[in-house]
Amino acid sequence: MHSNRMPKSRDDAEALLRLHLEYAVDQAIGDEPINRYELDKRDARPLEPAKKPAVPEPSEPLDKVAAAAEMAGKARNLEELRDAMESYEHCNLKNSARRLVFSDGRPDARLMIVGEAPGRDEDIQGKPFVGKAGRLLDAMFAAIDLSRNSDTAENGLYITNVIPWRPPGNRAPETEEIEMMRPFVFRHVELAEPELLVLMGNIACSAIINSMGITRIRGDWREVQGIPVMPTFHPAYLLRNPLSKRLAWHDLLAVKVKMGESKQ
Ligand code: URA
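Reading the values: rules and limits
Residues numbered from 1 in each chain as written. Predicted model: local features only at pLDDT ≥ 70, side-chain atom pairs only at ≥ 80, totals over all residues. Heavy atoms only, no water. Helix = DSSP H or I, 4+ residues; strand = E, 2+ residues; numbered from the N terminus. Expected span 1.5 Å × (residues − 1). Buried < 20%, exposed > 50% of the residue type's maximum accessible area, 1.4 Å probe, protein only. Salt bridge = Lys/Arg side-chain N within 4 Å of Asp/Glu carboxyl O. Phe/Tyr/Trp six-rings, centres within 6.5 Å; stacked < 30°, edge-to-face > 60°. Near = heavy atom within 4 Å. Polar contact = N/O pair within 3.5 Å; in protein donor to acceptor, adjacent residues only side chain to side chain. Areas by Shrake-Rupley, 256 points an atom, 1.4 Å probe, with all protein chains shown as cover. 1 Å grid on protein atoms, 1.4 Å probe; cavity = no way out; pocket = protein on both sides within 12 Å on 5 of 7 lines; lining within 4 Å. Sits in = over half its atoms within 2 Å of the grid points. Nonpolar A, V, L, I, M, F, W, Y, C, P; charged D, E, K, R; others polar.

Enquirer: Could you clarify how one ought to interpret helix 7 (residues 175-192) in this entry?
Expert: It helps to recall that an α-helix has 3.6 residues per turn; residues three or four apart then point in one direction. The end-to-end C-alpha separation of helix 7 is 25 Å, in line with the 26 Å expected for 18 residues at 1.5 Å each. Burial runs high along helix 7: 13 of the 18 residues are buried. Following helix 7 by one or two positions, Glu 193 adopts a phi angle in the positive range, close to 50 degrees.

So, in structure tokens, the structure goes:
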């Protein structure tokens, strides 16, 4: 780019000046001038390879399940657990739902029920199982003398869901959503300390006992955290398949018998 040739004409000289101006010859970049034409060629060193710009390492993908487990683990009682769930920001369902649906009934009840996820009515009222399926659930448990509105822990019910926010359009919860809410529902059971647990439908079974296929697994006692667990049909399924109510009744009688046994 530089030339030792002297400009031959005024036009050449002006063109050369303009070029130097373009090269920012009028801007000082050091305190002392350097005559680069006089630099000994032997000193010329190859240009240092340009340093790579420091590209920040991609941050670790957020482990939403670990975050949930940490928050759930810190909750020392049900109120703190509810607060922890309210402040958990990694489940997108929270963005479309009206509110968190935490629980209903008596936290000191001997029997705890775990369902799937709130629907429209639950999303509006902020309580689990208050729609059509909820009315069937209430009738089913009333048949074995248990109620969420009972005056006693003995005959009470405590009800929650795996997923606390209504999935849009009542779609089924996705595996990732179940995984990230699992630590909360486990902690919920741990803090409520029920004597017995009833899981209603496949989603509750997949979250708590890691099994699906409710038609096959219903009616057989399992155990979680030392608590006997009865998997049974979801009341919404029973509304669509009334013939299965007979089997659900069988499961409820088994629950009643177990409660009588553990009282003695
Ligand atoms: N179905 C559920 O599983 N839970 C509810 O709260 C309502 C409907």
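Read on, since the account is not over.
Enquirer: Looking at this structure, I do not really get the pattern of salt bridges. What am I missing?
Expert: Opposite charge on two side chains lets them pair, provided their charged atoms get close. Scanning the entire structure with this criterion turns up 17 salt bridges. Among the ionic pairs, Arg 10 bridges to Glu 14, the shortest N-O distance being 3.5 Å. Here the residue Arg 10 and the residue Glu 14 both occupy positions in helix 1 (residues 10-22), the gap between them amounting to 4 residues, near one helical turn. Note on Arg 10: relative accessible area 66%, which makes it exposed. Glu 14 gets classed as partly exposed once you look at its relative accessible area, which sits at 32%. Measuring nitrogen to oxygen at the nearest pair gives 3.2 Å for the salt bridge that ties Arg 98 to Asp 123. In this pair, Arg 98 sits in the loop between helix 4 (93-96) and strand 1 (104-105) while Asp 123 sits in helix 5 (residues 120-125), placing the two residues 25 residues apart along the sequence. For Arg 98, a relative accessible area of 55% puts it in the exposed group. Among the residues examined, Asp 123 registers a relative accessible area of 3% and is labelled buried.

Enquirer: Looking at this structure, how should I read unusual backbone geometry?
Expert: Apart from glycine, the bulk of residues carry a negative phi angle, and the bulk of peptide bonds sit in the trans form. Its identity as a non-glycine residue notwithstanding, Asp 145 has a phi of 65 degrees, on the positive side. Note on placement: Asp 145 falls in the loop between helix 6 (132-142) and strand 3 (157-161). When its relative accessible area of 49% is taken as the criterion, Asp 145 is described as partly exposed. Positive phi, normally seen in glycine, also occurs at Asn 170, with a value near 60 degrees. Relative to the elements of secondary structure, Asn 170 occurs in the loop between strand 3 and helix 7.

Enquirer: Sorry, what's going on with the packing of aromatic side chains here?
Expert: Each aromatic ring pair is summarised here by two numbers: the centre-to-centre distance and the angle between the ring planes. Applying the stated criterion to the full structure yields 2 aromatic pairs. The interplanar angle of 70 degrees and the centroid separation of 5.2 Å between the aromatic rings of Tyr 88 and Phe 184 together place this pair among those described as edge-to-face. Taken as a pair, Tyr 88 in the loop between helix 3 (78-86) and helix 4 and Phe 184 in helix 7 lie far apart in primary sequence, 96 residues in all. The same class applies to Tyr 88 as to Phe 184, namely buried.

Enquirer: Would you take a moment to explain the site of the ligand for this structure?
Expert: Around the ligand sit Gly 115, Glu 116, Ala 117, Pro 118, Glu 122, Pro 128, Phe 129, Asn 161 and His 234, and those are all the residues in its vicinity. Between the ligand and Glu 116, the relevant distance is 2.7 Å, taken from an oxygen atom to a main-chain nitrogen or oxygen of the residue. Contacts to the ligand include His 234, whose side-chain N or O atom sits 2.7 Å from an oxygen atom. For the ligand, the accessible surface in isolation is 230 Å², of which the surrounding protein chains cover 92%. Put simply, the ligand lies in the second largest pocket. Of the residues in the shell around the ligand, the class split is 4 nonpolar, 3 polar and 2 charged.

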